[in-house]
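# Coordinates in review
Residues per chain are reported as follows:
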Amino acid sequence: MKAMERISKMRQRLLEVSEELEVANVELKRLADVDGLTGLANRRYMDRFLSHEVARCSRSNEPLTVIMCDIDEFKLYNDFYGHLKGDDCIKMIANTLMSSLKRATDLAARFGGEEFALILPNTTEQDANKLAEQVRESVEELNIMHEKSSVQNYITLSMGVYNAIPTKMLRSEDYLGLADKALYHAKQTGRNRVVNYSDIA
């Protein structure tokens, strides 16, 4: 009788442990996809998400937008104010990006360092430009002091937008590359602006 009770207790404990392991595994998987500093999606997850959306939008013949964002003259900010302030600044920008997205299907990701990406499935070029401009203005409104900036005396954001319906010739890395070209153009022409790839192509 006692042996049966012990077996029953052991079985119960095994069930509890396997449930705890399952919860821990789910959390580990989630953490593997999240940027530790900002809580946004990390680069690895973003790459998977973008590939999936390129394939899906191609099948459904829907437009897909990638917006690349870069904090203007962030190295100067980091050097002058220190890395802790730099981290705080990155977190505030990340929160602004996150709160700007209104649909569960959109994704905000930390691309690396002070660069971010927004992926907006089934979004027109006009709507993408509007959102990018809202984000740029929201970052200005944070009014984060940046005495060393040649743009303004507060933190600003440069943004590059690429929008197209995916084709067999258009891969996920093309979206990133062309949005990045638009971003580069934004930085070359004075920063703190949104540039659409279609305006420079």
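Please refer to the structure higher up on the page.
Basis of the calculations
Residues numbered from 1 in each chain as written. Predicted model: local features only at pLDDT ≥ 70, side-chain atom pairs only at ≥ 80, totals over all residues. Heavy atoms only, no water. Helix = DSSP H or I, 4+ residues; strand = E, 2+ residues; numbered from the N terminus. Buried < 20%, exposed > 50% of the residue type's maximum accessible area, 1.4 Å probe, protein only. Pairing = 2+ DSSP bridges.

Even without glycine at this site, N61 takes up a positive phi of about 60 degrees. Tracing the backbone shows N61 in the loop between helix 2 (43-60) and strand 1 (64-71). A residue is classified by how much of its surface remains accessible, and N61, at 55% relative accessible area, is exposed. Here the phi dihedral of N192 falls at roughly 50 degrees; this positive angle occurs in a residue that is not glycine. Tracing the sequence through the fold places N192 in the loop between helix 6 (172-188) and strand 5 (194-196).

Turning next to the pairing of strand 2 (residues 107-112). Among the six residues in strand 2, five count as buried, and that is most of the element. Across five bridges, the pairing between strand 2 and strand 3 (residues 115-121) is antiparallel. Within the sheet, the bridge partner assigned to A109 lies in strand 3 and is A117. In this structure, the hairpin formed by strand 2 and strand 3 is closed by a connection of two residues, where G113 is found at a positive phi of approximately 55 degrees.

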